[in-house]
Each structure stands twice: as structure tokens, then as C-alpha cells.
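# Inside the fold
In case you want the letters, here they are:
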Amino acid sequence: MQQYAILTYHQIEMAPPPPAAFRSLYVAPDSFARQMRWLQALGYQGVSMRDLMPYLRGEKVGKVVGLTFDDGYCNNLQYALPVLQDCGFTATCYVMSQLLGKTNVWDIENGVKQADLMTAAQIRQWARAGMEIGAHTQTHCKLPQIPDADAVRQIQACKAELTDILGEPVDHFCYPYGFYETRHAAMAQDAGYHSATTTRRGKVLPDADLFQLHRIPVVRSTYLPQFLLKLLTGYENGKGV
Ligand SMILES: [Zn+2]
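Nothing here was measured: the structure is a model prediction, and the numbers come from that model.

The secondary structure content of the protein amounts to seven helices and ten strands. Relative to the compact-globule value of 18 Å for 241 residues, the protein shows a C-alpha radius of gyration of 17 Å, a close match. For the C-alpha atoms alone, the extent of the protein along its principal axes is close to 45 × 45 × 35 Å. Residues counted as buried form 51% of the 241 residues belonging to the protein. Considering the protein, the positive charge centre built from 22 side chains and the negative charge centre built from 22 side chains are found 6 Å apart.

Dropping the structure here:
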């Protein structure tokens with residue numbers, strides 16, 4: 001039975017020193033590079049959501065691992081892109097259409113250090129390098145906490161605005177904070193996306209709902225043996241959110 005891992009990254013950057021908040025969301029550039037080299041050495045192909053879909057739909061079988069980056073940090077472009085290109089991998093970066101060129105303002109209330117998000121020109125650069133841009137709402141909103149009409153707009157307009165900027169379809173969605181209810185999965189499907197990823201942990205099983213895809217977080221403290229366990233075994237399955 002084929003199961004596929006979709007890895008979740010946020011910032012590819014050295015973590016700020018303690019007691020900085022959410023240090024787990026940083027993966028050091030050299031750790032990221034080492035993880036990609038291991039994938040390659042083990043015969044895996046790192047792929048974007050676009051490239052992963054035929055496998056999730058059962059149309060193809062192979063050693064592929066989905067690579068996703070949430071929020072669209074400039075450090076993804078700076079540190080992850082060269083490594084991905086060097087490995088011949090693709091990856092999806094989920095961005096907010098109304099926060100391009102800004103910072104992770106939604107994190108201010110949690111005391112997270114502000115980091116630059118890619119501009120419109122930079123997401124084009126990411127896409128032209130063979131990578132994919134996915135949608136993460138317009139403003140990194142908490143979908144279950146806003147009226148449904150606003151949630152529909154956040155989901156639909158993000159797709160339209162990013163498609164305009166890129167001049168190519170934006171087909172994959174990711175729920176900010178991993179917050180969603182089943183009605184939001186229906187909204188994503190109705191908006192014309194092909195998939196939506198969550199922060200629920202585990203590999204994607206053959207009967208998975210393509211609009212409630214589980215992923216595997218890679219964080220600052222994910223050292224290589226654990227990275228390989230997450231990838232090669234059922235270690236993450238059933239770990240909850
Ligand atoms: Zn996010």
C-alpha cells in the first residue's frame with residue numbers, strides 16, 4: 001500500500017537565540033540542504049503539489065516526497081531554492097496574496113520575530129525557477145473564526161490574485177494555522193483548487209481526502225535520524241495535530 005509523505009517547512013534560516021518565540025519554525029539552511037541530499041541519496045524525488053498529484057490520485061507510483069513551504073518567506077528563495085534546483089527537485093510555496101512584500105504580521109501577537117515575505121516579483125522568480133506557488137488565503141486568516149462569506153472570499157480571491165500575478169494557474173491551497181472545518185474543505189474544492197493541505201500529521205494514505213491532506217512537519221529540532229524515521233516509517237501516522 002503506497003503512502004506518500006508531504007513535508008512542511010516554514011523558514012529556512014538560523015533560529016533567533018532563546019527565548020525567541022516559535023524557534024521550532026526555523027530550519028537552518030545547512031540542515032535543509034542535508035535533508036534534501038538524504039532524500040536524493042535514498043532515491044527519492046522531492047516534488048511540488050502539482051507534481052505529486054498523479055501519485056496521490058493513484059495514476060503513478062514512485063519514490064516521491066511532497067515538499068511544501070508555508071507563508072512565503074524570502075529565506076525560502078535565498079536558501080531553499082538553490083538546493084532544490086541543485087537536486088532537481090520541485091516544491092510548493094504557499095503565500096498570502098495580500099501580504100506579498102510584507103512580513104509575518106499575524107505572528108506579532110505571539111511575539112515571533114518579523115521576517116520578510118516574498119514580493120510579487122520574487123514569487124514570479126520562484127515559479128520561473130520551476131517551483132510552484134500555492135495559496136494560503138489573502139491575509140493568513142483563521143478561517144473558522146470569520147464569517148463564511150469572508151472565508152469564501154479569502155479562498156477564492158487569493159487564487160485569482162496570485163493567478164494574475166503569476167500568469168499561470170494556482171491550483172493548491174493550504175489552511176493557515178491548519179485551522180479549518182469540513183465546510184472550508186468544500187469551499188477550497190468549489191474554488192477550483194486541486195488539493196488542500198492541513199497541519200494534521202501523518203503520511204497521505206491511498207484513500208485520503210485531497211482537501212484534507214496530512215503533512216509531516218520538519219522543525220529546527222528535527223535531526224537527521226528523526227527526519228529519516230518520519231520519511232521512511234509510519235512514525236508520524238496517528239500523531240494527531
Ligand atoms: Zn501559515
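Turning to the coordination of the zinc ion, a few remarks are in order. Those donors, Asp 71 (OD), His 136 (NE2) and His 140 (NE2), are the protein atoms that reach the zinc ion, and they lie 2.1 to 2.2 Å from it. Within one chain, the residues serving as donors to the zinc ion are arranged as D-x64-H-x3-H. One end of the pair, Asp 71, is in the loop between strand E5 (64–70) and helix H3 (74–87); the other, His 140, is in the loop between strand E7 (132–135) and helix H5 (148–166), with 69 residues separating them in the sequence. In terms of burial, Asp 71 and His 140 fall into one category: buried.

What follows covers the nonpolar core. Counting 55 residues, the largest nonpolar core has Tyr 9, Phe 32, Met 36, Phe 69, Leu 84 and Trp 126 as its most contacted members. The biggest single contributor to this core is H3, with seven residues. Ignoring any residue separated from it by four or fewer positions in sequence, one finds Phe 32 in contact with Tyr 9, Ile 12, Val 27, Phe 69, Ala 80, Val 83 and Leu 84. Judged by nonpolar contacts, the second largest core, of 13 residues, contains Met 49, Met 53, Tyr 55 and Tyr 94.

Another aspect to go through is the pairing of E7. Two faces make up the sheet, and in a regular strand the side chains alternate between them. Alternating residues of E7 divide into Glu 132 and Gly 134 and Ile 133 and Ala 135, and every residue in both groups is buried. Relative to E7, strand E6 (residues 92–95) is paired through four bridges, and the arrangement is parallel. Looking at the pairing, Tyr 94 lines up with Gly 134 of E7. Where the polypeptide runs from E6 across helix H4 (residues 120–128) and back to E7, its parallel neighbour, the crossover connection is right-handed.

Rules used throughout
- Residues numbered from 1 in each chain as written.
- Predicted model: local features only at pLDDT ≥ 70, side-chain atom pairs only at ≥ 80, totals over all residues.
- Heavy atoms only, no water.
- Helix = DSSP H or I, 4+ residues; strand = E, 2+ residues; numbered from the N terminus.
- Rg over C-alpha atoms; globule rule 2.2 N^0.38 Å.
- Buried < 20%, exposed > 50% of the residue type's maximum accessible area, 1.4 Å probe, protein only.
- Lys, Arg positive; Asp, Glu negative; His and termini not counted.
- Charge placed at Lys NZ, Arg CZ, Asp CG, Glu CD.
- Donors = N, O, S within 2.8 Å, 3.2 Å for Na, K, Ca; no water.
- Core = buried A, V, L, I, M, F, W, Y, C linked by side-chain atoms within 4.5 Å.
- Contact = heavy atoms within 4.5 Å.
- Pairing = 2+ DSSP bridges.
- Right-handed = clockwise from strand over helix to strand, strands pointing away.

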